[in-house]
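Structural overview for review
What follows is each chain in one-letter form.
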Amino acid sequence: TAEILLIGDPVAHSRSPAMHNAALAALGIAARYRAVQTTAAELPDRLAALRQPHFLGANVTLPHKQAVIPLLDEIEPAAARIGAVNTIVRQPDGRLLGVNTDAPGLLADLAAAGWTPVEQEVVILGASGAARAATFALADAGVNGITIVNRSLMRAIDLAAAAAANQPALRIRALSLSDPAVTDVIAHCTLLINATALGWHDDETPIADPPVGAHCLVYDMVYRETALLRAAVARGARVRDGRGMLVEQGALAFERWTGRPAPREIMWQAAFGV
Ligand code: SKM
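Residues numbered from 1 in each chain as written. Predicted model: local features only at pLDDT ≥ 70, side-chain atom pairs only at ≥ 80, totals over all residues. Heavy atoms only, no water.

1. Side note on the overall build of the chain
- Looking only at helices and strands, the chain features 10 helices and 12 strands.
- Relative to the 2.2 N^0.38 estimate, which gives 19 Å for 274 residues, the radius of gyration of the chain is 18 Å and therefore close to what a compact globule would have.
- Over its C-alpha atoms, taken along the principal directions, the chain stretches across nearly 55 × 40 × 35 Å.
- Per-residue burial over the chain gives 52% buried out of 274 residues.
- The contacts in the chain between residues at least 6 apart in sequence include a share of 65% that link residues at least 24 apart.
- Positive and negative side-chain charges of the chain, numbering 23 and 26 respectively, have mean locations separated by a distance of 3 Å. (Helix = DSSP H or I, 4+ residues; strand = E, 2+ residues; numbered from the N terminus. Rg over C-alpha atoms; globule rule 2.2 N^0.38 Å. Buried < 20%, exposed > 50% of the residue type's maximum accessible area, 1.4 Å probe, protein only. Contact = heavy atoms within 4.5 Å. Lys, Arg positive; Asp, Glu negative; His and termini not counted. Charge placed at Lys NZ, Arg CZ, Asp CG, Glu CD.)

Take a look at the structure:
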């Protein structure tokens, strides 16, 4: 049986195994998808093992999306630009190719929500691999401006500089989460994205009560109802959780590993049961 791994830390919460195993079964593909908790110290060995012939590839999740890059043989140009990999495709000769399906997955789900990039002022919370994918995807889509808000200002500046080098016409800036200007930027934004992992536990949120207006779409990459989304609803904003993005980034990865169209409805049903 062929294998696909989810490499991250933590991974126990992930819906990817249920989602991908249902898709593999539906298409009669003799492979299984398995989450393997992997520390940073274990990462090189985990990737070396992935070169064995029975592996189709892997997904990579927090906190390793940037750290895997130097361990791969080839990075697709889009993933190289983003500086984050969430999908590894094992080539027939054993070489490992790094791909990013988070960026197109986010754009596909935003489009499904009826969102268009015209006249958009975006705030991205976080500067992780997922935040990098969101920043480059939205910059390429042609939004007006992006503000990256992060606990570590250095990491936010790094990401803003990379995106600015890529899209000189884009208005982009970086703010520390503790900067008083954050309140005003959030009040005026039209899309607020949580790209941090804060929200997996009920009491966690990147911002307790974001002062979003009713004109704002609040998008949480966490794929459950979060405290952030509840606070946004109370403010009258539109909200969307990360379920659609999980399915779409997974479907794009599945198509790369198997060469077959992904059964998106089966994947949604298996992951979320509705
Ligand atoms: O990029 C995705 C990853 O492919 C899978 C995942 C999950 O299983 O929770 C989350 C995102 O990081």
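2. A few points about the side chain of Thr-147
- Residue position: Thr-147 is located in strand E8 (residues 145–150).
- Overall, the relative accessible area of 9% leaves Thr-147 in the buried class.

3. Side note on unusual backbone geometry
- Cis rather than trans, the peptide bond between Asp-9 and Pro-10 has omega equal to 10°.
- Residue Leu-62 is joined to Pro-63 through a cis peptide bond whose omega torsion reads 0°.
- As for its placement among the helices and strands, Pro-63 is situated in the loop between strand E3 (55–60) and strand E4 (74–75).

4. A few points about the packing of helix H4 (residues 102–112) against helix H5 (residues 129–141)
- Where H4 contacts H5, the axes come no closer than 8 Å and their chain directions differ by 60°. One element, H4, and the other, H5, form an angle in the oblique class. Of the two possible hands of crossing, H4 and H5 adopt the one that is right-handed. Where H4 approaches H5, its residues Asp-102, Ala-103, Leu-106, Leu-107 and Leu-110 are matched on the opposing element by Ala-133, Ala-134, Ala-137, Leu-138 and Ala-141.
- Partitioning the contact of H4 with H5 into residue classes produces nine nonpolar, no polar and one charged. (Axes fitted to C-alpha atoms, helices over the stretch in contact; angles between N-to-C directions. Parallel < 35°, antiparallel > 145°, perpendicular 65-115°, else oblique. Left-handed = near helix turned anticlockwise from the far one by under 90°. Nonpolar A, V, L, I, M, F, W, Y, C, P; charged D, E, K, R; others polar.)

5. Details of the sheet that holds strand E9 (residues 171–176)
- Here we have six strands laid out as an open sheet, ordered E9-E8-E7-E10-E11-E12, and parallel in their pairing. A single partner strand is all that each edge strand has here, and the edge strands are E9 and strand E12 (238–240). Each neighbouring strand pair of the sheet contributes to a mean axis angle of 15°, computed without reference to strand direction.
- Here E8 pairs with E9 via six bridges, running parallel. Of the residues in E9, the one forming a bridge with Ile-148 is Ala-174.
- Each of E8 and E9 is contacted by helix H6 (residues 153–166), which is oriented at about 175° to E9, the strand it contacts most. (Pairing = 2+ DSSP bridges.)

6. Concerning the site of the ligand
- Close contacts around the ligand come from Leu-6, Ser-14, Ser-16, Asn-59, Thr-61, Lys-65, Asn-86, Asp-102, Tyr-223, Leu-246 and Gln-249, and that covers them all.
- Asn-59 places a polar side-chain atom, nitrogen or oxygen, 3.2 Å from an oxygen atom of the ligand.
- At a separation of 2.9 Å, an oxygen atom of the ligand approaches a polar side-chain atom of Gln-249.
- For the ligand, whose free accessible area comes to 310 Å², the fraction covered by protein is 91%.
- Across the shell around the ligand, the residue classes break down as three nonpolar, six polar and two charged. (Near = heavy atom within 4 Å. Polar contact = N/O pair within 3.5 Å; in protein donor to acceptor, adjacent residues only side chain to side chain. Areas by Shrake-Rupley, 256 points an atom, 1.4 Å probe, with all protein chains shown as cover.)

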